[in-house]
Structures are given as C-alpha cells and as structure tokens.
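Understanding the architecture of this molecule
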There are 6 protein chains.
Amino acid sequence: MPVMHEIRRPQFEQSLDKVVIIPVGSTEQHGPHLPLGVDTYIAEGISEILAEKTGAIVAPAFSYGCKSKPLSGGGPLFKGTIDLNGTTMISLMYDVLCEFARDGIKKVFVNNAHFENQAFLDEAMDLATREFPELKCVQSNWWDVLDQKTTDEIFSDVPFPGWALEHAAITETSLMMYLRPELVKNDLIPEDVTAKALPYSVYPPRRGMVPECGALASPKGSTPEKGKLIVDKAIEGFLKIFEAEFA
Amino acid sequence: MPVMHEIRRPQFEQSLDKVVIIPVGSTEQHGPHLPLGVDTYIAEGISEILAEKTGAIVAPAFSYGCKSKPLSGGGPLFKGTIDLNGTTMISLMYDVLCEFARDGIKKVFVNNAHFENQAFLDEAMDLATREFPELKCVQSNWWDVLDQKTTDEIFSDVPFPGWALEHAAITETSLMMYLRPELVKNDLIPEDVTAKALPYSVYPPRRGMVPECGALASPKGSTPEKGKLIVDKAIEGFLKIFEAEFA
Amino acid sequence: MPVMHEIRRPQFEQSLDKVVIIPVGSTEQHGPHLPLGVDTYIAEGISEILAEKTGAIVAPAFSYGCKSKPLSGGGPLFKGTIDLNGTTMISLMYDVLCEFARDGIKKVFVNNAHFENQAFLDEAMDLATREFPELKCVQSNWWDVLDQKTTDEIFSDVPFPGWALEHAAITETSLMMYLRPELVKNDLIPEDVTAKALPYSVYPPRRGMVPECGALASPKGSTPEKGKLIVDKAIEGFLKIFEAEFA
Amino acid sequence: MPVMHEIRRPQFEQSLDKVVIIPVGSTEQHGPHLPLGVDTYIAEGISEILAEKTGAIVAPAFSYGCKSKPLSGGGPLFKGTIDLNGTTMISLMYDVLCEFARDGIKKVFVNNAHFENQAFLDEAMDLATREFPELKCVQSNWWDVLDQKTTDEIFSDVPFPGWALEHAAITETSLMMYLRPELVKNDLIPEDVTAKALPYSVYPPRRGMVPECGALASPKGSTPEKGKLIVDKAIEGFLKIFEAEFA
Amino acid sequence: MPVMHEIRRPQFEQSLDKVVIIPVGSTEQHGPHLPLGVDTYIAEGISEILAEKTGAIVAPAFSYGCKSKPLSGGGPLFKGTIDLNGTTMISLMYDVLCEFARDGIKKVFVNNAHFENQAFLDEAMDLATREFPELKCVQSNWWDVLDQKTTDEIFSDVPFPGWALEHAAITETSLMMYLRPELVKNDLIPEDVTAKALPYSVYPPRRGMVPECGALASPKGSTPEKGKLIVDKAIEGFLKIFEAEFA
Amino acid sequence: MPVMHEIRRPQFEQSLDKVVIIPVGSTEQHGPHLPLGVDTYIAEGISEILAEKTGAIVAPAFSYGCKSKPLSGGGPLFKGTIDLNGTTMISLMYDVLCEFARDGIKKVFVNNAHFENQAFLDEAMDLATREFPELKCVQSNWWDVLDQKTTDEIFSDVPFPGWALEHAAITETSLMMYLRPELVKNDLIPEDVTAKALPYSVYPPRRGMVPECGALASPKGSTPEKGKLIVDKAIEGFLKIFEAEFA
C-alpha cells in the first residue's frame, strides 16, 4: 500500500519518479454528529484511493489546518477546533515541499479538504517552487472538481445552500458515511439548521453568527451513496488533473 | 473630503468614533487596455464614495497586493505585477490595524479589490483583534455584495464567464470606464479572449495557461453605465454592512 | 477510544479537565527493515495505551519532525527523511498549545519519540505557557523513563551501544515488532553494523559518517517481547509523571 | 505622466531600462496646520517632478512609514500617526525591490521623505541586491542633498533650529505651501514653539518631551518660495545622483 | 567592579534598583592601524568608567553589530567585518531587555558605539517597553553628547571632516590610544586619506567608493589626550542623562 | 594572541585559511559561589588555549545563551539569568557563520559551554552551510570529549551525580578555580545539595524543583587541579577533532 509512513527507505528511493500526494485536513468542530477529524479523514481517504489508482505515494497528512472562519466552521467560537496561524502553515508546507524536492521528488499533489488552507498552501507552493523550479506542485480539492451534474444529483432531494454553507452539512456528512461510517452519529444529525452566508468577514467573531449546533446547513438527506458519488467524481476530476499535469 | 492623508491631527482626534475605511488594491497587469493600478483605483474610488455617504475616513490605500494567481491575473508570467509575499501583507495590515486601535479607533472597514489579498487580510484582522478585542474589523469587496439581478444586468448582452475569469474583463473595465475613464484605452480592448477556469492551482506557473493579452475574458461590452451600476450596488451592499456592523 | 480526531465537539467540550497527549514523531529513514514512520508509530502507539489507562485524549500526531541529525538518523544523507526547520516546529507546537489553552485545556503531555525534536518542543512549551500560564505542559519520551534494570534486560544478550547509536537498532525494532509487526521486515535486518558515536556535530553532513544501511547499531536480537517490555516500562514511567504533575 | 499605476503593461514592458523611483512617506501627525500625509505628499511630489525630468517611472508610494521617533514626530504620543514595525518595512521594501528585479528593472531610486525609514530601507536594499546583484538601488532624501547656501537662504530671516527639530517646521511647511497649498492651514501655524533636541532616545515615550502642538520648531516664516527653492535644489541634487549612478 | 558577568546571583539580586548599562559595539574593520573590536572596546571602556561613577552594572557587551554601511565602514567590501542582519539585532536586544525586565530591572542604558546599530536598537527598545512599560530604556552614544567646544578642541590642529567620515579616524584612534593603547599600531596610521561623504546610499556596494585603507579620514593628529578628553566629556554627557532620566 | 577583536584587518585578511573558533556561553546564575558569566568564561578560556595550540582565531564570544532549563540551571526561577529565545540564537549564529563564509573563512569550530545552546547552534550551522556549502562547521563542548577515565578521576572522592546535575557543581567550579580563580567564592560553596534529575521537562517552571542555592549538586571537592585536568583533556579531545575535520 502506497502510504509513505509504511514504506521503507529502499522502497522510497525507487519511487522518486512517482507523484507524492499530501493530504491536508484540519482539527475542527463539525457539528454534533461528525468527529473533529472530518477534513483530515476525507483528505486521507480520497488520497489513498487516488494513490491506488495512480501508483502515487501518500505522504503523512497535515492534521492541523488554518484558522476555521468564524462564519463557516465557527472558528474560535467552538471548542475542539485547533487552528494554525497562517504563517505556520506556510512554513510547514514550505519545509515539507523543499524536503521532497531535495530528495529528488518532482511531482507533488496537495489534496486539501479544508477550505481555509487554500491561500496559505498556494503561498508555500509558490515559495518552494521558486527555490526548486524543477518541482511541479499542484493543489486541488474534492469540491472544485465536481461538475454541475454531480452537485445537482447530490441536491436532488434537498436544496443546495451554496458551498459557503456546506460545513458539516450534506456533502461532508455523506463523505464520512461512505469513508468512515463508524464515526458518524446518525441520531445526532441536526435538523432545521438555518444560516445565511454573509458577503463579508468580521473580527473578532461573536456568538450567534453561526447556528449553535455548529453545522451551517442541515445534513439531513446525507447518504453513503452520495458520499460514494462525491468520492468517485473527485477521483475522476483528480485523474484528469494527473493526466494534464503529471503524465 | 474625508481622506485621512488630507486631514490634520486635530481633525483626526475628533474622528475617533468614525469608521476608518482601508482600501486595499494591488499593482498588477490588467491586459493591454487597463492600467497597472486598476485594483487600487477601484478600491480607492469606491471607498471615497462610501466615505462621503457615511462620514467615514479613508486611510491611505495599500497599493501593493498579494501574489497575483498565475491562473487569474497571470502572476509572475507578466511584467508590471509587483506582488508582496503573504507574510508581508499579514504584517502590514496587522501593524496598521493595531496602530488605529492604539489611537482609539474602534471600527475599521477593509475594502479589498484584489481577490488574492483576502485570506491574508483576514489573518491580519484576526491577529490584530485578538490583541485589541475592542476593535471591530470588517472585510468585504465589491463583487461579493452584488446580487444576482445586478450580475444578470451586467451580463445581459454577453455571457458571464464566472468570477474566476473576470480579470481585466467586463466588470473591471466598466468600473474603470466609470471611475477613471481617462486611463482606459478603448481601442486596445482585446476581443476573442478565451480562457478556461481550472479547478486547481499549479506552481511554478508556465506560459500558455493564460491568454497572452493578460485578460481572462473579453472586456467587450464594457460600458461606464455598467461601471456605475456596479459602484451603486456595491455602495448599497456596503451600506447594509455598515448598518449591520457599525450602527 | 479517546482519539481526538474520532470524537465529536460535544464530547470534547466535556473533556476539558482531561490531559491532552500530543504524540510527536517524524518522517525519517530507519534502515532497510523499518518503515519511514517509526517515530510516529511509536509515539502514537504508546500514547493510545497511555490514554486508555488515564482517560486522556490523544491529539493528532505530529508526523513530521525536526532535522534528523546527520550522525544519528543520517539526516539529508538519506532519502525518505522529510524534516522541518527548527523555527517551523516551534511555531507549530506553539500554535497548537495556545489553541488548546484557549479552549480551556489545562494539562498537556507531549510524548516525543524523535530525539531531535526535544529542544524545539521545550522552546514552544515555554513560549506558550508564558502566554497561558494556567496551562501546564510536560514533555517526556520513552527512553528517558526506562530504568537501568530494563535497559540491562533488553541488552542482556547483546552489548548496549549507547543511546546515541540506538537508531533503527534494537529498541526501535523491538518496539515496532510489538506495536506494528506487519511493518517490520525481519529478513532485511542488517547485521554487523558498526558505527561510532562522535563527540561533536559537523555540517554539511558527508556520506560515510553513518553506515550505508541507515541503522547505527545492529538490530539483531530485537524481539516483540523486548518491545512489550519497553512499552510497559514507558507507560509505568509516564504514569508516575501523570501522578506527579497532573493528579 | 510616468506614474506606474497609470500606465499599462505593454508600456511598462518597454520601460525596463528606465529608473523606477519609489517615493516613501508616512502617515504622521505634522502639527495643527499640516495634514497627516505630509511626508508622502512631499515624496510623491518631488518624485513626479524628477520623473518628468529624467523619464523615470514613479512606483506607487509607501504611504505608511517606520515608527515616528517620540523626540521628533512625537511617535505614539499623538494620534493620527500610523506606524509600521521595522521588520514590516524591511519585508515590504524587500518584496517590492525583488519583484522589480524579477521583471528586469535594473535601477531603483528610493526617494524617502520620512527620516525614520532610512535604516530599514537600507537594510531592505542590501538584502534585495544580495539576491539580485544586477539591481542597483540608491536611497536619498530631499534634506541630504541641500547645500549650505540653500539652508542659509531658507533660514535667512529665522534661526535654523537644526535638522533634528525640523518637524512640521519651516522646511516641511514651505514644501507643502509649494506642492499642496490647499492642504496648509496658514491660520493655524503655531508660534513660539520651543523644543530642544536631546542627545539620546528614551522609551517608553512620555508626554511633555515634545511641544503639545506637535511641531518641533516654529513654522513661522514658511513661504511657497522657500518650498520651491527646496524642491529645485533637491531635484538638482537628485539629478547629480542619477548622473553619477544611473547614467 | 560592577561587571555583570563577574558578579554572583546574590549580588545581582540586591542590585535590581540599579541601572544596567549594555555596551553595544561591532566586529568591523577599522583601517590598518586599529583592531577589529574598536567599537566594542570603546563601548565597554566607557561603560565601565560610567558604571564606576554611578554604581551601575555593566551587562555583557554586544560584540557583533548591524551592517557596516558601505560608505562609512566599508561594509562587505572589507574582510574582518562580521555583521548582523537588522532583524537579528532587533530580536537580540529585545530578548535581552525583556529578560532584564522580567528580573525586575527598571532602568537600562544602551551605550552604543557603532552608528549603524542605532535605529535597530531603538526599534527593540520600543518593542520591549511596550511589553514591559515599567522598564525605562535610554540609548545614547559618545559622539552625540560631545559639545561644540570639545569638537573644536579635538580638531584644533586638523580640519573636522564631519561625523560621517569619522571612521577609523581621529576620534576613534584617539579613544583607542587612551583606552587600549597596546592595540593601536601608530606606525601604520594612514596619511593623506581623502574620502567624500555622499548624500545617498547605494547597493550593492562597490569597491572604490571608500579609500582602500579602510579609514575615511586621516587619523593623523590622534593623541591619547584627545581620547581622554572625549571619554571625559562623554561621561559628563552621560551623567547628565542619568540625572535627567534615572535619578 | 589570536583574539579576533585584537587583530587588525590586514592580519585577518592573511588568516582566511585558519580555523575560527566561536566560544558560546551564557549569562546564567551559577549558585552563590560562581559568577553569572561562568559558561562564557569557560568557553572563552578553553578557546584561547586551543587557539594558541592550533593557530586558530578566537571570534568574539556569544555572551548570552539559550533558555536555561528550569530543571538544570533554574531558568527564569532565578534572577541574573538573561536568556535568548531559540529563534534569536539561530539567527545570531546563522548571520555570523554566513559572514565568516562571505569573507572566505572555510573552517569554524563552535566551542559551546552551555548545554541548552546545542540544538539551536546545530540548526544555525545546518542553515548556514546549506547556503555556503564550502564552509565546514563543527560544534563540540568540553564535557562530551572527556573520556570515562577522566570522569572517574574527577569523581574519585565524591559520587558522580550525572551530567544532568552538573550545574554549578564540581566540574564547573573546578574549571573556574583553574581559569578564573579570583571569581570563585570558596567560602560560599553550598554543601548538602540534593537534587534529582527528572526524566521530563515541565512548563511553566515552579519553585522548589531546584535547590534554592541554584546548584544542582554539591561543588564540594572542587579543586583547581580538577579544573586543569578537564581543560587538558578537553583540549586533547578538541585537537583530535581538529585533526579529523580540519587537517
């Protein structure tokens, strides 16, 4: 199995032409029904499937992420969310990318499952590839590669609240039902969740901007089948990226 | 006119209860027809109108922005774009916010007109308000407060390419035609621009991913009237934010 | 099982008086017979046992560690070792500790299994507890809590090369045989490994200072029983620390 | 007019052999009669005249400066002064210089009008030219290029208090009367200002070390003619520098 | 003798109400006739005399300074100059000041003898006293406290080249002849040194801007008597500062 | 004597092929009988002897060190200890090493006498030699080069408490009796000191973990002869390192 921590040095030495996938997640509250590791589990789960299909190596996941936005994940308003400063994430990803480059790795795919990480990961990728221009580094995530048809299908029986409110809601809950069903508490799925996406950010965060349950839209209607659909389509999207960038 | 650099200390001392608006732009190529200062001009222009309507003070604009994304503004692929590292932007906005807080300012509105700044500005706002919790700090931008009806109207005669491709295209060109018409070269507006938004980022950037003209969608169909519409609607949106957060 | 990523927010909210254990490992070559994740597997494995005995919560492990010393782990002389700069590790642990403190956690046990992390973790613990003096933070590791009798028993049939050379050797191999036997390649265990601990460090590292196999002493004589003995004694030592510091 | 924000990318691409002038100012209280933007207006104003005479390009000004010294500008003792930390200024100028160098610019003239910026700008220039040795970077300011005869002429009717006390006093007031007369409040010019330059710095700053009016010497005797004289002589001095370094 | 490194903890514990003097020097070439430690020797020498007169404690000197300016000390153009980056100096002085404050020290006098350190020391003093407002921190140097009469006397028989050119010239040579005569090579004193102070800085530095001998004005005419005069007058000036700030 | 601060530039220019020794000490309480500069005096003292034997140059000592561990030196529990943050030490040594490399120095020996500096010095050495790979940089200390026979001899009449407790105890006291006898207060040597080395670190530090006298083991039995023995053996060990690495 192509999990980097499980392989031994001689195996790694023979894999320098492979793509290294770095799953990036978070430690973040995901409502009453999902565990704190949701983003990391999803990033790791999809990465392992992708690695099996492509022969890539899955590097150790980043289990702590950038600051959960108060208006999406709730940020510091909820306990259980352990966030990194933006500069720490930049340094962390920068160091790791440079080290892979020093070892001779030429292709890295950053598979991010926590929206707030995105800009800081791009910054690190830019800095690392300036220093190691022979390293090619791609970042994507499961939600950006889904096509309209897939989204329509997932939300055929419930309204789509918009991606900004899909925190601990149908897509993440369905993904967990498929990838880690034992960690989902079906009986604690909140109903009647109503939040509104605001066209601005505000600091310091204040209680009441986000539903007390910690989800931003109702996860009602989540199914493992929807989770499988998302995974399948994400893998499909990622394979196209591999084809375009790493072939 | 409530431009901070134009007022004198005694005037500022009597304005501590006002909102300070910080326009944040960039120095970035915007195709053959628009000047390098587009984002800054738009941020400043809208800020001044907003200040006149609200009695707010307009702080000196940030004229250099975060790294232009290779797949949107073209980043380092084009000359004339002068970018800051993410950590520099965090420090810059952090220092400025803390200084306003030390002076007794309680309300800051960050009016950003360069997408790539967003995450780094939020980071700085979070850090500064942790140190000065009595400071309330809001960030928004002109495109996030436009409603569907407005977008429909702007793109009534041409197709909407999606916000990801609206670089140096209809909205920015129209805004400049309204706010700074003398700086728009109508005869150099590129036609037949076709770019495709990719669901990933890739570093190092490579030529050919973005049209050589530097715009991501055709600015054809831009008019000062559309520019005025956007400004009016942005102001409308910002006024609602002021009402909700600073009243 | 008290693994933080598996529990949900409401459970975490009710655990604020518990000890949080942070396992800290590395991604480092460990000879031809052990996988790259040895330090992380050991840190995690012992942490989970400790958590079961004490009701503590196991936070997500740090899977990347500080720079492997050229004269012990081989550092950049071997591929497969992905190291963080010291300043990155300080920031990473500092951020995580501060976040736990902000959530109301009062007791953290840093269970480190990669020697080179030690000074940087202490630095972070010092900085974080200066900011949050009500947080008590302890760092230890499995080798420092073993008593002489245990070491004598482990090395009853082979000579003890000194801790400085115990890299990918008997103690780590035995620990992996007990905790993760499926990841140990018994048939690849190197024999006749002879290295000498030098009383100095030298940069840049050069090949030939460390045996080509990547282990610093022969792992011959490793057994799962010795691994179990180390785990049992480490747990015993850690329980004494919990008693002394967290009771 | 060769203002960088007003030109378009194709124009910039054809200007790579030109000198880029970066005006560096501040946001700092300048007594009851001058606006907060004095240093920036002066830096920009002189830069634009210099650019017209030399064909140089004027980059966007730095509108926030380093910490106003308590014993000169009053620092945090007065409201309206928004200062950057020294490390932020180093990063800001370093980033901007490196970006110009990456674009192919070979000559940069940093035109500073806020004394306290000086050492930090030099530091950034040193760091940037180490990385891009083909970039030549010069820093000067209007007061260092004035000759004795000019200073004598300016202070022919009033005593010269020394440069250390020329804050919001005759030279700056005269410069503003010439460059931005509409922003000078002649009727608020303070009289009988007596301050003493101290041969040391002291922190934290305390009230009473600087006259309450915020000027350090009386601006009485300021005239637009003196302002013009300073501008003319500064331009003369800068042209000699251009001749010596950029010819 | 009140040298901090020579006293023991119990003595220090009884000295918390005293002034701590921190001598700050450099490691910098000072022509063919003076040793590399000139600035440090002068800072230490004067500090010890001052301490004897005031009962202050002399902390360990800073033996490495900020970047020697190419146009004064010659910077990297000469070997033997070992410079710190500005950010390092800020951190170094910041850490030391905070530590003294934590120990209960309330008065620190930074006695700087290397011009280029000045701005960075002020920055550190500002940052440290923000964190420890009860700490009073003063910076001065021997040349700023000399009165006109003293300067006239020193340069009664030779012309005064201006402070900008007083590097390895009469004042520093005389000071060393008085404080450390055994380290001055009288027979190597350069004659006919002609340099011109430029009203700008330029990077990267280039050979030929500074006389090859490394002094900027001729040290001819230096005497131990002039050295004693400077020391006496500096002490006189510092005592006035102590009286004004630490009484 | 080959002390860098005492030599002049031309001498340094002719010494580029020599080894530069950097003594690294601290400012740290060392019980009631030893001065605060113990570590620096020892580092400097041994460095000068070593330099005389090898023709090396002794660079200015680092007189401030990394954070004294609460469980060894007592850290912030005692006054008189002035510590640097780890990141400051990394920057400080990094800057100094890079500067020596820029001057053409190829061999640096870091002679450290304060245990807590070790990891941060290694980090700096790694970073500097990555940038200047032609620089060879070695770190050692007096205690790591002592052989068992020497330790046995030193502790022939008193029990060896282990290196972890040798703070202000027999080895350091003996070294000071030999190198700086005038600074040792024999009549204040504490007796009956009993401390226990703990197999963990804990923050924040608390009083009572370390004996109130500030020594961790009794210095009784210290003699100048033992001091001489340690110096002789350390020199012997360092000469072997020079032979192996710098020949």
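Each value, and the rule that gives it
Residues numbered from 1 in each chain as written. Chains lettered and ligands numbered in written order. Predicted model: local features only at pLDDT ≥ 70, side-chain atom pairs only at ≥ 80, totals over all residues. Heavy atoms only, no water. Helix = DSSP H or I, 4+ residues; strand = E, 2+ residues; numbered from the N terminus. Rg over C-alpha atoms; globule rule 2.2 N^0.38 Å. Buried < 20%, exposed > 50% of the residue type's maximum accessible area, 1.4 Å probe, protein only. Areas by Shrake-Rupley, 256 points an atom, 1.4 Å probe, with all protein chains shown as cover. Contact = heavy atoms within 4.5 Å. Buried area = accessible area lost by both parts, 1.4 Å probe. Salt bridge = Lys/Arg side-chain N within 4 Å of Asp/Glu carboxyl O. Polar contact = N/O pair within 3.5 Å; in protein donor to acceptor, adjacent residues only side chain to side chain. Nonpolar A, V, L, I, M, F, W, Y, C, P; charged D, E, K, R; others polar. Pairing = 2+ DSSP bridges. Axes fitted to C-alpha atoms, helices over the stretch in contact; angles between N-to-C directions. Least-squares fit on C-alpha atoms with pLDDT ≥ 70 in both. Phe/Tyr/Trp six-rings, centres within 6.5 Å; stacked < 30°, edge-to-face > 60°. Lys NZ or Arg CZ within 6 Å of the ring centre and 35° of its normal. Expected span 1.5 Å × (residues − 1). Disulfide = S-S within 2.5 Å. Parallel < 35°, antiparallel > 145°, perpendicular 65-115°, else oblique. Left-handed = near helix turned anticlockwise from the far one by under 90°. pLDDT = per-residue confidence, 0-100. Core = buried A, V, L, I, M, F, W, Y, C linked by side-chain atoms within 4.5 Å.

1. Focus on the overall build of chain A
Helices and strands together make up the secondary structure of chain A, namely seven helices and seven strands. For chain A, whose C-alpha radius of gyration is 18 Å, the value lies close to the compact-globule estimate of 18 Å for 247 residues. Considered along the principal axes of its C-alpha atoms, chain A spans approximately 55 × 40 × 30 Å. By the burial criterion, 66% of the 247 residues in chain A qualify as buried. Counting every atom, chain A has about 8300 Å² of accessible surface; 51% of that belongs to carbon and sulfur.

2. Some remarks on the interface of chain A and chain C
Listed by partner, the interface residues are 51 residues for chain A and 51 residues for chain C. For the pairing of chain A and chain C, the buried interface totals around 4100 Å² over both sides, and the portion due to carbon and sulfur atoms is 59%. Here chain A and chain C share zero salt bridges between them. On the surface where chain A and chain C come into contact, there are 27 residue pairs in polar contact (both at pLDDT 80 or more). Where the side of chain A that touches chain C is concerned, the elements lending two or more residues are helix H1 (9-13), helix H2 (38-54), strand E4 (83-84) and helix H3 (86-103) of chain A. Take the side of chain A that touches chain C: its biggest share by element is eight residues, from H3 of chain A. Per-class residue counts for the side of chain A that touches chain C are 25 nonpolar, 15 polar and eleven charged.

3. Quick word on helix H6 (residues 170-179) of chain B
Counting buried positions along H6 of chain B gives eight out of ten residues, so the element sits mostly inside the fold. Of all the residues in H6 of chain B, the buried ones are Ile-170, Thr-171, Glu-172, Thr-173, Ser-174, Leu-175, Met-176 and Met-177 of chain B.

4. Here we look at the arrangement of the chains
The closest approach of any C-alpha atom in chain C to one in chain D is 17 Å; the two make no contact. For chain B and chain F, which are not in contact, the least C-alpha distance works out to 17 Å.

5. Some remarks on the sheet that holds strand E5 (residues 107-112) of chain E
Read across the sheet, five strands follow the order E7(D)-E6(E)-E5(E)-E1(E)-E2(E) without closing on themselves; strand pairing throughout is mixed. Looking at the sheet topology across the chains shown, the edges are occupied by strand E7 (201-203) of chain D together with strand E2 (57-58) of chain E. The pairing of E5 of chain E with strand E6 (residues 136-140) of chain E spans five bridges and is parallel. What sits directly across from Val-108 of chain E, in E6 of chain E, is Cys-137 of chain E. Running over the sheet, helix H3 (residues 86-103) of chain E touches strand E1 (19-24), E5 and E6 of chain E and is turned about 165 degrees from E1 of chain E.

6. Considerations on the relation of the copies chain F and chain E
The transform that puts chain F on chain E rotates by 180 degrees and translates by 0.0 Å along the axis, for an RMSD of 0.0 Å. Within this description, the copies of the chain are treated as partners about a two-fold rotation axis. Closest approach to the rotation axis among the C-alpha atoms of chain F is made by Thr-88 of chain F, whose C-alpha sits 3.3 Å away.

7. Some words on the sheet that holds strand E2 (residues 57-58) of chain D
An order of E2(D)-E1(D)-E5(D)-E6(D)-E7(E) is seen for the five strands of this open sheet, with the pairing classed as mixed. The sheet terminates laterally at E2 of chain D together with strand E7 (201-203) of chain E, the two strands that pair on one side only. Bridge count between strand E6 (residues 136-140) of chain D and E7 of chain E: three bridges; the pairing is antiparallel. Looking at the pairing, Gln-139 of chain D lines up with Ser-201 of chain E of E7 of chain E. Sheet strands touched by helix H4 (residues 118-131) of chain D: strand E1 (19-24), strand E5 (107-112) and E6 of chain D together with E7 of chain E. Its angle to E6 of chain D, the strand with the most contacts, is close to 175 degrees.

8. Let's talk about the environment of Gly-65 of chain D
Residues and elements named next belong to chain D. Along the polypeptide, Gly-65 turns up in strand E3 (residues 65-66). For Gly-65, a relative accessible area of 0% puts it in the buried group. It is 6.6 Å that separates the C-alpha atoms of Gly-65 and Thr-27, two residues lying 38 residues apart in sequence. When sequence neighbours within four positions are dropped, the list of residues in contact with Gly-65 reads Gly-25, Ser-26, Thr-27, Ile-82, Asp-83, Leu-84, Met-89, His-114 and Asn-117.

9. Here we look at the packing of aromatic side chains
One pass over the structure, following the stated rule, counts 51 aromatic pairs over all chains. Between Phe-120 of chain D and Phe-120 of chain E, the aromatic rings sit 5.0 Å apart at their centres with planes inclined by 65 degrees, giving edge-to-face as the arrangement. A residue pair is termed interchain when its members come from two chains, as with Phe-120 of chain D in helix H4 and Phe-120 of chain E in helix H4 (residues 118-131). When its relative accessible area of 4% is taken as the criterion, Phe-120 of chain D is described as buried. Here Phe-155 of chain E and Phe-160 of chain E contribute two aromatic rings whose centre-to-centre distance is 4.6 Å and whose plane-to-plane angle is 45 degrees, an arrangement assigned as tilted. Judged by its relative accessible area of 9%, Phe-155 of chain E is buried. Judged by relative accessible area, Phe-160 of chain E falls into the partly exposed class, the value being 36%. In this arrangement the basic side chain of Arg-207 of chain C is found over the ring face of Phe-78 of chain C, its NZ or CZ atom lying 5.6 Å from the centre.

10. Concerning helix H2 (residues 38-54) of chain E
Residue and element names in this part refer to chain E. A rise of 1.5 Å per residue sets the reference length of H2, with its 17 residues, at 24 Å; its end C-alpha atoms lie 24 Å apart and thus fit the reference within 8%. Against the buried residues of H2 lie E1, E2, E5, helix H6 (170-179) and helix H7 (224-246). Of the residues one or two after H2, Gly-55 is the one with positive phi, at around 75 degrees.

11. What about the interface of chain F and chain E?
A common way to report how large an interface is uses the accessible area buried once the components associate. Taken together, the contact pairs 51 residues of chain F with 51 residues of chain E. Counting the contacts that link chain F with chain E gives zero salt bridges. Only helix H1 (9-13), helix H2 (38-54), strand E4 (83-84) and helix H3 (86-103) of chain F provide two or more residues apiece to the side of chain F that touches chain E. Considered class by class, the residues forming the side of chain F that touches chain E number 25 nonpolar, 15 polar and eleven charged.

12. Details of the relation of the copies chain A and chain C
Taken as rigid bodies, chain A and chain C are interconverted by a rotation of 180 degrees and an axial shift of 0.0 Å, the fit giving an RMSD of 0.0 Å. Most of the interface of chain A is mirrored in chain C, where 100% of its interface residues are also at the interface.

13. Some remarks on the state of the cysteines
By definition, a disulfide links the sulfur atoms of two cysteines through a covalent bond. By the definition in use, this model includes zero disulfides over all chains. Free of any disulfide, Cys-66 of chain B has its nearest neighbouring cysteine sulfur in Cys-66 of chain A, separated by 14 Å.

14. Some points on the packing of H4 of chain D against H4 of chain E
The geometry of H4 of chain D relative to H4 of chain E is characterised by a closest axis approach of 8 Å and an angle of 110 degrees between their N-to-C directions. It follows from the interaxial angle that H4 of chain D and H4 of chain E lie roughly perpendicular. For the pair H4 of chain D and H4 of chain E, the crossing hand works out as left-handed. Taken together, the residues of H4 of chain E that come into contact with H4 of chain D (itself represented by Ala-119, Phe-120 and Glu-123 of chain D) are Ala-119, Phe-120 and Glu-123 of chain E.

15. Examining the side chain of Lys-69 of chain A
Within the secondary structure, Lys-69 of chain A sits in the loop between strand E3 (65-66) and E4. Among the polar contacts made by the side chain of Lys-69 of chain A, one reaches the side chain of Asp-122 of chain B at a distance of 2.9 Å.

16. Some words on the confidence of the model for chain A
Of all residues in chain A, 100% attain a pLDDT of 70 or more, and the chain-wide mean is 96. Confidence metrics for the complex model read pTM 0.98 and ipTM 0.97.

17. Some remarks on the nonpolar core
As a rule of thumb, soluble globular proteins bury nonpolar side chains together. Of all hydrophobic cores here, the largest spans 222 residues; its most connected members are Ile-22 of chain A, Ile-22 of chain B, Ile-22 of chain C, Ile-22 of chain D, Ile-22 of chain E together with Ile-22 of chain F. Here Ile-22 of chain F is in contact with Tyr-64 of chain E together with Ala-59, Pro-60, Phe-62, Met-93, Val-96, Leu-97, Phe-100, Val-108, Phe-109, Val-110 and Asn-111 of chain F, once residues within four sequence places are set aside.

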